[in-house]
Amino acid sequence: MSNLIVRPTRIPAVVLVIPRRFGDERGWFSETYSTRTFSDALGGITFMQDNQAFSAQKGTLRGLHFQRPPEPQAKLVRVLRGSIFDVAVDLRLGSPTYGHWVGETLTANGGEQLFVPHGFAHGYCTLEPNTEVAYKVDGFYAPACDAGLAWDDPTIGISWPIAAEDAILSDKDKKQPAFAGFISPFHVHQTSAAA
Ligand SMILES: Cc1cn([C@H]2C[C@H](O)[C@@H](COP(=O)(O)OP(=O)(O)O[C@H]3O[C@H](C)C(=O)[C@H](O)[C@H]3O)O2)c(=O)[nH]c1=O
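Residues numbered from 1 in each chain as written. Predicted model: local features only at pLDDT ≥ 70, side-chain atom pairs only at ≥ 80, totals over all residues. Heavy atoms only, no water.

Asker: I'm lost on the nonpolar core in this one. Help?
Answerer: The tendency in soluble globular proteins is for nonpolar side chains to be buried side by side. Val89, Leu91 and Trp160 are the most contacted members of the largest nonpolar core, which has 22 residues in total. Looking at this core, the elements with two or more residues in it are β6 (61–67), β8 (83–90) and β12 (120–126). Ignoring sequence-local partners within four residues, the contact set of Leu91 consists of Phe66, Tyr98, Gly119, Phe120, Ala121, Leu149, Phe179, Phe182, Ser184 and Phe186. Counting 18 residues, the second largest nonpolar core, distinct from the first, contains Ile11, Ala53, Ile84 and Val137. (Core = buried A, V, L, I, M, F, W, Y, C linked by side-chain atoms within 4.5 Å. Buried < 20%, exposed > 50% of the residue type's maximum accessible area, 1.4 Å probe, protein only. Helix = DSSP H or I, 4+ residues; strand = E, 2+ residues; numbered from the N terminus. Contact = heavy atoms within 4.5 Å.)

Right, dumping it as structure tokens:
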């Protein structure tokens, strides 16, 4: 039996992985990341940084974010506590799913992880209070390359599982630009281990 369930989403480059949990009378154990088991699913990616975010309230929405080249970031996202609706948006010029989004519910109880490659915007909203998210990135934080798109952009049309008036946003995310007129720096044929 494999220690990792791998399921492509409706955008094949965005992959859901579920590491096996070994349960016993004490609880459970799981290898939440291993280059040995994940490399087949994610390619030869080298993660450089671990991030963790705590959101006190249900409906906290972070995104849509990405870093422009030369510092793009692929992300491997999982939930330590609570649950989120995790979203990736295809920004790769030439992709048949350009401008399309995919969302997956990630929970601490289920241990699901979402891989978001280079060329995608990423965002999530929390589905319960006191939710903690941990994620690996394959590029360092580069504020000069930080970029974003409006979480509620009508052209992208993400079906968030919360009412717009209930979304809790940073000041930055309240002012992210619209997708209309966006000029993507990414291309589907960019050679990258993560896209
Ligand atoms: C992302 C990041 C942020 N910071 C500092 C910068 C700010 O002073 C503070 C909060 O940053 P921000 O408001 O951008 O955090 P989030 O809104 O959670 O943004 C993240 O959430 C969405 C879902 C993402 O996919 C990105 O990883 C990231 O943009 O942490 C750092 O020092 N290092 C980092 O790697």
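From this point, the narrative continues.
Asker: Sorry, what's going on with the sheet that holds strand β7 (residues 75–81) here?
Answerer: Pairing between the strands of a sheet comes from backbone hydrogen bonds, and it takes one of two forms, parallel or antiparallel. Ordered in space as β1-β2-β11-β7-β13-β5, the six strands form an open sheet in which the pairing is antiparallel. Lying at the two open borders of the sheet, with one neighbouring strand each, are β1 (4–8) and β5 (49–55). This sheet shows a mean twist of 25° between the axes of neighbouring strands, independent of strand direction. In the sheet, β7 pairs with strand β11 (residues 113–116) via four bridges, with the strands oriented antiparallel. By the bridge assignment, Lys75 is partnered in β11 with Val116. Along the sheet, helix α1 (residues 35–42) makes contact with β1, β2 (15–19), β7 and β11, crossing β1 at roughly 15°. (Pairing = 2+ DSSP bridges. Axes fitted to C-alpha atoms, helices over the stretch in contact; angles between N-to-C directions.)

Asker: In this structure, what is going on with the UniProt feature "active site" (unreviewed entry) in the chain? I would like to understand it.
Answerer: Feature annotation in UniProt assigns "active site" (unreviewed entry) to the following positions: His65 and Tyr135. These annotated residues cover 71 residues of sequence, and their C-alpha atoms all fall within 13.7 Å of one another, placing them together at a single site. Of the annotated positions mentioned, His65 and Tyr135 line the largest pocket. Mapped onto the elements of the fold, His65 is located in strand β6. (UniProt positions renumbered as here; feature names shortened; annotations may be inferred. 1 Å grid on protein atoms, 1.4 Å probe; cavity = no way out; pocket = protein on both sides within 12 Å on 5 of 7 lines; lining within 4 Å.)

Asker: Mind showing me how you'd approach the sheet that holds strand β14 (residues 146–148) here?
Answerer: Across the sheet, five strands lie side by side as β10-β8-β12-β6-β14; this open sheet has antiparallel pairing. The sheet terminates laterally at β10 (101–107) and β14, the two strands that pair on one side only. Each strand axis lies, on average, 30° off the axis of its neighbour in the sheet, ignoring direction. In the sheet, β6 pairs with β12 via three bridges, with the strands oriented antiparallel.

Asker: Honestly, the side chain of Ser184 in this entry has me stumped. Any pointers?
Answerer: Following the sequence through the fold, Ser184 ends up in the loop between α2 (171–174) and β15 (186–187). At a separation of 2.4 Å, a polar atom in the side chain of Ser184 contacts the main-chain carbonyl oxygen of Leu91. Among the polar contacts listed, one links the side chain of Ser184 to the backbone nitrogen of Phe186, at a separation of 3.0 Å. Contacts of Ser184, omitting those with residues within four sequence positions, involve Leu91, Leu93 and Tyr98. (Polar contact = N/O pair within 3.5 Å; in protein donor to acceptor, adjacent residues only side chain to side chain.)

Asker: What is the right way to read the pattern of salt bridges from this model?
Answerer: Oppositely charged side chains can pair when the atoms bearing their charge come close. Scanning all chains against the criterion turns up seven salt bridges. Taking the shortest distance from any N to any O, the salt bridge between Asp24 and Arg26 comes out at 2.5 Å. The closest approach of N and O atoms between Lys172 and Asp146, which form a salt bridge, is 3.2 Å. Of this pair, Lys172 sits in helix α2 while Asp146 sits in strand β14; the two residues are 26 residues apart in sequence, bridging distant segments of the chain. By relative accessible area, which is 41% here, Lys172 ends up partly exposed. (Salt bridge = Lys/Arg side-chain N within 4 Å of Asp/Glu carboxyl O.)

Asker: Which parts of the structure should I look at to understand the layout of surface pockets?
Answerer: Space left empty within the atom packing is revealed by a probe, the size of a water molecule, rolled over the atoms. Size it by volume and the largest pocket reaches roughly 410 Å³. In terms of lining residues, the largest pocket is bounded by 23 residues, among which Arg62, His65, Lys75, Tyr135 and Lys172 are the most central. Mapped by element, the contributors of at least two residues to the lining of the largest pocket are β5, β6, β12, β13 (131–137) and α2. Here the lining of the largest pocket takes five residues from β6, the largest share from any one element. Across the lining of the largest pocket, the residue classes tally to nine nonpolar, nine polar and five charged. Estimated volume of the second largest pocket: approximately 160 Å³. The wall of the second largest pocket is formed by Thr32, Tyr33, Asp50, Asn51, Gln52, Leu76, Arg78, Gln113, Ala134, Tyr135 and Lys136. Put simply, the parts of the chain that give the lining of the second largest pocket at least two residues each are β5, β7 and β13. (Points joined across faces, edges and corners; volume = space filled by probe spheres on them. Nonpolar A, V, L, I, M, F, W, Y, C, P; charged D, E, K, R; others polar.)

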